[in-house]
Amino acid sequence: MKMAQIVIVGGGLIGTWAAFFLVRRGLRVILIEKGVVGAQSSGVNFGNLRLQGRYPGQYPLSLRSQTIWEEITSLIGDSCEFERTGHLYVATNEAEREKLEQHARVAEGHGLVIERIGRSELRRRWPWLGEGLQAATYSVRDATANPRVVSPAVARAAQRLGAEIVEHACVTRVRRNGGGFAVETDTGLVVSCASVVNAAGAWALSLAEAFGETAPMFAAGPPQFVTEPIPYRVVPSVQAVSGSVIFRQIPRGNVIFAGYPRTAADPVLNRAPVPPQKTLNGMRNLVRIAPFLKSAQVIRVWSGIEGYLPDMLPVIGESATAPGLFHAFGFCGHGFQVGPGVGAVLADLIADGSTDTPIEAFSIGRFRKEVQVSDKLAHEFDAPASSGREE
Amino acid sequence: MAEVVIVGGGPAGIRAASVLVEAGLRPVLVDEGRRAGGQGYRAPARNLDLDMKGLMGTEAAKYARLHGLFASLRERFDYRQGTLVWGIHEKTLHILADGIAGTMPYDALILATGATDRIMPLPGWTLPGVFTLGGAQVILKDQGCLIGNRIAFLGSSPLLLLAAFQYHKSGASIAAVVDTTPFSAKLTALRNLAASPRTLARGILYRAALRRAGIPVIEGATPLAIDGRERVEGVRIRYGRGRERFISCDAVAYGHGLKPETQLAELAGARFWFDPVFRLWLPETDADGRAGPDLYLAGDGMAIGGADAAEASGALAAHALLADRGRPSPGQEPARLRRQVGRLRRFQRGLAQAFAWPVAQAAALPDETIVCRCEAVTAGDIRAAIRAPLGPREVNRVKALTRCGMGRCQGRFCGPALQEIVAAACGEPVADVGRLRVQAPVKPIPLHAASELEQ
């Protein structure tokens, strides 16, 4: 039997950042990934490091996370294409403008600088935007990075500091072992450890349920589309507050876009196909907001498998039934920005026994009583959303 | 009767349509091309007076017969020219015609999507003036244009001599034909080649005609690089005995045979197997082309077999479709077609052994050589990613981390080379490093294509 202080189950963004911060504190960490690091939700998302419009109670975590993103090159020796591009949140009518205003007040309450932009200024500063836009808010601190490369880069950095990264090993059983745990894999690996981090994304429930607690998680995917490279023009990421479309251009020229509703995903068959109607829908919505892109060609689409919860908030924190087990899963498509911060919080919890970053709202215990269903659930998914359902 | 759709207007698609029409159906024939004929039997642009009889050489009669068959059936099926099928989902084709996206539901589908060039990267292969062998033929047959003033034909392919012969007949100045396959390799494979002596004879005929015209036909040489500053200035090769030679030219037609276009088959639900002779992933079918419920494959898009096999397998797929739907088959008996297709495909397997895909060239490719043209990813980028800690050992993962295969062509051209480079760098058999997955759109579609549709 191998020994470690901490076993991390799941090599996505959460697991790799947790490994990085834990090993930096001198702890012995083994990360076990059933496939390869960063291949699921962490690797296929839009790459937005958006601070505008987040859940109010998540701002301290988000801002802590953004500071880590801003230092990523010095921390892990790789920029992962991090760019402080800014984020433009746009509204097409008065109701949406009002929504922007609400978001802006919350963000400002947490110290974020939000610029309010009227119709004529919008046209002057971003003349390629469509006629139909009425107002926008702009946050200069929002950024983007390349999700495909982040988790592998963080995992390598953790590995250099002494973390052991085990790929292609699926955790089949976690059981109590003295005061700690024994973690077994399908490759015959058995690790004895004091703490376990459950960062298994859409596959996290079985580990929680082994210790008598659960969450109403379901799987879905974020359909993403990309055009061929065209001359670089769009610097900020631009998002319709209605959720119809979000897009950004990378300096090499490709325009990446996405939009609701999300796609079905099957975590058992490991498939998340993008139905062509979703692609057409996204194309139509993008042309509306950015008509200058109408002749650009879509060359590729993809999706992935993400875990969602009905209140559209993640599970972060220590298990209520098994002390020493720490959950961090179900990020509802919003995990990329907070990922590094969650890794740092997990390191606090495990190494210090507590964290200064408020995370009470994300406790798994909240599912013991009736959970309020987010109104996002109605417009971000094809009704009714459920695990593994074919469309 | 149910809606039967055929995708592809080459010999396989046209023959499938003719069998279905004979059986009393009115299929839809969706053709990405503007004119029927596919690639091999491509007809020239309207009002262009090309000597197709001369260009098609020994195949002139077949060319005329196929186009005659198409013309005679034209009113009896629904021909959709200039229509790209870019996606398939839940028994509906997603199409693009005249810049507008649309859908086409089907009950049964015959995919006759043909083949494209297989190319092994080479230093300089992305210089202006380098064309694929198939591309060079398309330009000639479609537009009556030549790819340059002094042309080198380079590679390893039965198409090499044919393309050179066609260019020669069209008055092109040919610098050399460099066949990387040693003549001895062709002899070794002769047992399989003898399965279709007529095709074999055709190759010998072209070779002799080119030599008679004083064109150097070099066999068993290794291509080292295509040289040039702004564009092609020449080709560097090494003879079997080690001497190097520079051949001056301003255009190069380059290729290593054909690979099936299987993207739509994958989207329609076909499963794949690794063919160790072609070293390609091919769709699984039975002898008649059945690839799944209501899904039939035919022609070079199923397995490389050439034009005659394409015609016969198109007919065979149509017969299978009729039989599965309980309809009587007209005329031709499937057993004879099956034997014909089997014999022709065996011949092509022989050719694939003779005109070998240069696996060693992939492993020896200099690091700075571009592999993925769309994304400018080099062989060195791929190898560095694999060597890194936690490096990828599977082609889709290599694609995710290096962008190789992520661009406009979605790996249709760099895919075969990518799998060889990954296999060599990982020290694994090529069958074990995976297969690039497909998502719609299989070819680029403009954003405005969706805007014309009703929400």
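Definitions and cut-offs
Residues numbered from 1 in each chain as written. Chains lettered and ligands numbered in written order. Predicted model: local features only at pLDDT ≥ 70, side-chain atom pairs only at ≥ 80, totals over all residues. Helix = DSSP H or I, 4+ residues; strand = E, 2+ residues; numbered from the N terminus. Buried ≥ 20, exposed ≤ 12 C-beta atoms within 10 Å, placed from the backbone. Contact = placed C-beta atoms within 7 Å. Rg over C-alpha atoms; globule rule 2.2 N^0.38 Å. Domains from an automatic or database assignment. Nonpolar A, V, L, I, M, F, W, Y, C, P; charged D, E, K, R; others polar. Pairing = 2+ DSSP bridges. Axes fitted to C-alpha atoms, helices over the stretch in contact; angles between N-to-C directions. Expected span 1.5 Å × (residues − 1). Bend = angle between axes of the 7 residues up to and from the residue. Parallel < 35°, antiparallel > 145°, perpendicular 65-115°, else oblique. Left-handed = near helix turned anticlockwise from the far one by under 90°. pLDDT = per-residue confidence, 0-100. Arc of directions from axis to C-beta.

Engineer: Report on the overall build of chain B, specifying residues and quantitative values.
Structural biologist: Counting its secondary structure elements, chain B contains 16 helices and 24 strands. Each principal axis of the C-alpha atoms in chain B carries an extent, and together these give about 65 × 55 × 45 Å. For chain B, the residues scored as buried account for 53% of the 455 residues in total. In chain B, the proportion of contacts linking residues at least 24 apart, taken out of those at least 6 apart, comes to 70%.

Engineer: So what's going on with the overall build of chain A? Which residues, and what values?
Structural biologist: Along chain A, the regular secondary structure elements total 11 helices and 23 strands. Over its C-alpha trace chain A gives a radius of gyration of 21 Å, about what one expects of a compact globule, namely 21 Å for 391 residues. In terms of its C-alpha atoms, chain A occupies a principal-axis envelope of roughly 65 × 40 × 40 Å. For chain A, contacts bridging at least 24 residues in sequence account for 74% of all contacts bridging at least 6.

Engineer: Provide a residue-level description of the domain arrangement of chain B, including the pertinent values.
Structural biologist: All names here are of chain B. Per the domain assignment, the segments of chain B are domain 1 (4-116 + 259-352), domain 2 (119-256) and domain 3 (359-433). The distance between the C-alpha centroids of domain 1 and domain 3 comes to 31 Å. Taken together, the contact pairs six residues of domain 1 with four residues of domain 3. Taken together, the residues of the side of domain 1 that touches domain 3 break down into three nonpolar, one polar and two charged.

Engineer: So what's going on with the sheet that holds strand E9 (residues 164-166) of chain A? Residues and values would help.
Structural biologist: All names here are of chain A. As summarised here, the arrangement of the six strands in space is E9-E3-E2-E13-E23-E22, forming an open sheet in which the pairing is mixed. At either margin of the open sheet sits one strand with a lone partner, and together these are E9 and strand E22 (315-318). Taking the axes of each pair of neighbouring strands and ignoring which way they run, one obtains an average angle of 15 degrees across the sheet. As judged from the three bridges shared by strand E13 (residues 195-198) and strand E23 (residues 325-329), these two strands associate in the parallel manner. Within the sheet, the bridge partner assigned to valine 197 lies in E23 and is phenylalanine 326. Each of strand E2 (6-9), E13, E22 and E23 touches helix H10 (residues 335-352); the most contacted strand, E23, lies at about 170 degrees to it.

Engineer: Would you mind going over the pairing of strand E5 (residues 92-97) of chain B in detail, with residue names and values included?
Structural biologist: Residues and elements named next belong to chain B. Relative to E5, strand E4 (residues 83-89) is paired through six bridges, and the arrangement is antiparallel. Residue pairing in the sheet places histidine 89 in a bridge with threonine 92 of E5. What sits between E4 and E5 in their antiparallel hairpin is a turn of two residues, with glutamate 90 showing a positive phi close to 50 degrees. Note: E5 against strand E6 (residues 100-105), six bridges, orientation antiparallel.

Engineer: Run through the sheet that holds strand E10 (residues 171-177) of chain A, naming residues and quoting values.
Structural biologist: Backbone hydrogen bonds are what pair the strands of a sheet, in a parallel or an antiparallel way. Residues and elements named next belong to chain A. The four strands lie next to each other as E1-E12-E11-E10, forming an open sheet whose pairing is mixed. Looking at which strands have only one partner, the edges of the open sheet turn out to be strand E1 (2-3) and E10. When strand E11 (residues 180-185) meets strand E12 (residues 190-193), the two strands line up antiparallel, connected through four bridges. Its bridge partner lying in E12, alanine 182 is registered against serine 192.

Engineer: Describe H10(A), naming the residues involved and giving the relevant values.
Structural biologist: Residue and element names in this part refer to chain A. An ideal rise of 1.5 Å per residue puts 26 Å on 18 residues; H10 measures up with 24 Å between its terminal C-alpha atoms. Most pronounced at glycine 341, the bend in H10 amounts to some 30 degrees. The buried count for H10 comes to 15 of 18 residues, which makes it a mostly enclosed element. Trailing H10 by a residue or two, glycine 353 shows a phi angle of about 85 degrees, which is positive.

Engineer: Please give an account of the interface of chain A and chain B that cites residues and values.
Structural biologist: When the parts of a complex come together, some accessible area is lost, and that lost area is often taken as the interface size. Taken residue by residue, the interface counts 31 residues in chain A and 25 residues in chain B. Of all elements in the fold, only helix H7 (147-160), helix H9 (276-289) and strand E20 (297-302) of chain A reach the threshold of two or more residues within the side of chain A that touches chain B. When residues in the side of chain A that touches chain B are grouped by element, the largest group, seven residues, is from H9(A). Each residue belonging to the side of chain A that touches chain B can be placed in one class, and the counts come to 19 nonpolar, five polar and seven charged. Pairing analysis gives two bridges linking E20(A) to strand E24 (residues 445-446) of chain B, with the strands arranged antiparallel. Among the inter-strand pairings, A:Val298 is bridged to a residue of E24(B), identified as B:Ile445.

Engineer: A description of unusual backbone geometry should follow, citing residues and the corresponding values.
Structural biologist: With omega at -5 degrees, the peptide bond leading from A:Tyr260 into A:Pro261 counts as cis. Inspection of the secondary structure assignment puts A:Pro261 in the loop between strand E18 (255-258) and strand E19 (263-264). The step from B:Ala440 to B:Pro441 runs through a cis peptide bond, and the omega angle for that step is 5 degrees. Position of B:Pro441 relative to the elements: it lies in the loop between helix H15 (415-426) and E24.

Engineer: Account for the packing of helix H1 (residues 13-24) of chain A against H10(A), with residues named and values stated.
Structural biologist: Residue and element names in this part refer to chain A. With their axes 8 Å apart at the nearest point, H1 and H10 run at an angle of 40 degrees to one another. Considered as vectors, H1 and H10 are oriented oblique to each other. Between H1 and H10 the crossing geometry is right-handed. Facing Leu13, Ile14, Trp17, Ala18, Phe20, Phe21 and Leu22 of H1, the residues of H10 in contact are Gly335, Phe336, Gly339, Pro340, Val342, Gly343, Ala344, Leu346, Ala347, Ile350 and Ala351.

Engineer: Outline the packing of H1(A) against H7(A), supporting the account with residue identities and numerical values.
Structural biologist: Residue and element names in this part refer to chain A. It is the contact of H1 with H7, at a shortest axis distance of 9 Å, that shows an interaxial angle of 25 degrees. The orientation of H1 relative to H7 falls into the category roughly parallel. As H1 packs across H7, the resulting crossing turns out to be left-handed. Between H1 and H7, the residues in contact are Leu13, Thr16, Trp17, Ala19, Phe20 and Val23 and Val150, Ser151, Val154, Ala155, Ala157 and Ala158, respectively. Its residues assigned to classes, the contact of H1 with H7 comprises 10 nonpolar, two polar and no charged.

Engineer: How would you sum up the environment of B:Leu93? Please name residues and give values.
Structural biologist: Residue and element names in this part refer to chain B. As for its position among the elements, leucine 93 is in strand E5. For the pair formed by leucine 93 and glycine 124, sequence separation is 31 residues and the distance between their alpha carbons is 39 Å. The residues touching leucine 93, leaving out its near neighbours within four places in the chain, are Val5, Val85, Ile88, Thr103, Met104 and Tyr106.

Engineer: Residues and numbers for the confidence of the model for chain B, please.
Structural biologist: Do not read the fine detail of predicted coordinates wherever pLDDT is low. Mean pLDDT over chain B stands at 92; residues scoring 70 or higher make up 95%. Both scores are given for the predicted complex: the pTM is 0.94, the ipTM 0.93.

Engineer: Can you explain helix H3 (residues 59-70) of chain A? Please cite residues and give values.
Structural biologist: Residue and element names in this part refer to chain A. When the terminal C-alpha atoms of H3 are compared, their 16 Å separation across 12 residues agrees well with the 16 Å that a helix rising 1.5 Å per residue should span. Where H3 is concerned, the buried positions are Leu61, Ser62, Ser65, Gln66 and Trp69. Within H3, the buried residues cover an arc of 135 degrees as seen down the axis, which keeps them to one side.

Engineer: Requested: an account of the pairing of E22(A), with residues and values cited.
Structural biologist: Residue and element names in this part refer to chain A. With four bridges joining them, E22 and E23 adopt antiparallel strand pairing. Residue pairing across strands places isoleucine 316 opposite alanine 328, the latter belonging to E23. Hairpin connection, E22 to E23: the antiparallel pair is bridged by six residues, and glycine 324 has positive phi, about 100 degrees.

Engineer: I'd love a proper account of the environment of B:Ala201, names of residues and values included.
Structural biologist: All names here are of chain B. You can see alanine 201 is positioned in helix H8 (residues 197-212). Looking at alanine 201, the number of C-beta atoms within 10 Å reads 11, which means it is exposed. For the pair alanine 201 and arginine 346, spaced 145 residues apart in the sequence, the C-alpha separation amounts to 16 Å.

Engineer: Outline the confidence of the model for chain A, listing residues and values.
Structural biologist: Scored by pLDDT, chain A has a mean of 94; 98% of the residues are at 70 or more. In this model, residues 384-391 of chain A is a region of pLDDT below 50 whose contacts with residues beyond four sequence positions or in other chains number 15 contacts.

Engineer: Quick one: what's the story with the environment of B:Ala136, residue by residue and with numbers?
Structural biologist: Residue and element names in this part refer to chain B. Considering the arrangement of structural elements, one finds alanine 136 in helix H4 (residues 133-143). Measuring from C-alpha to C-alpha, the distance between alanine 136 and valine 377 comes to 25 Å, with 241 residues separating the pair along the chain. In this structure alanine 136 touches Phe131, Ile147, Ala163 and Ala253, once residues within four positions along its chain are discounted.

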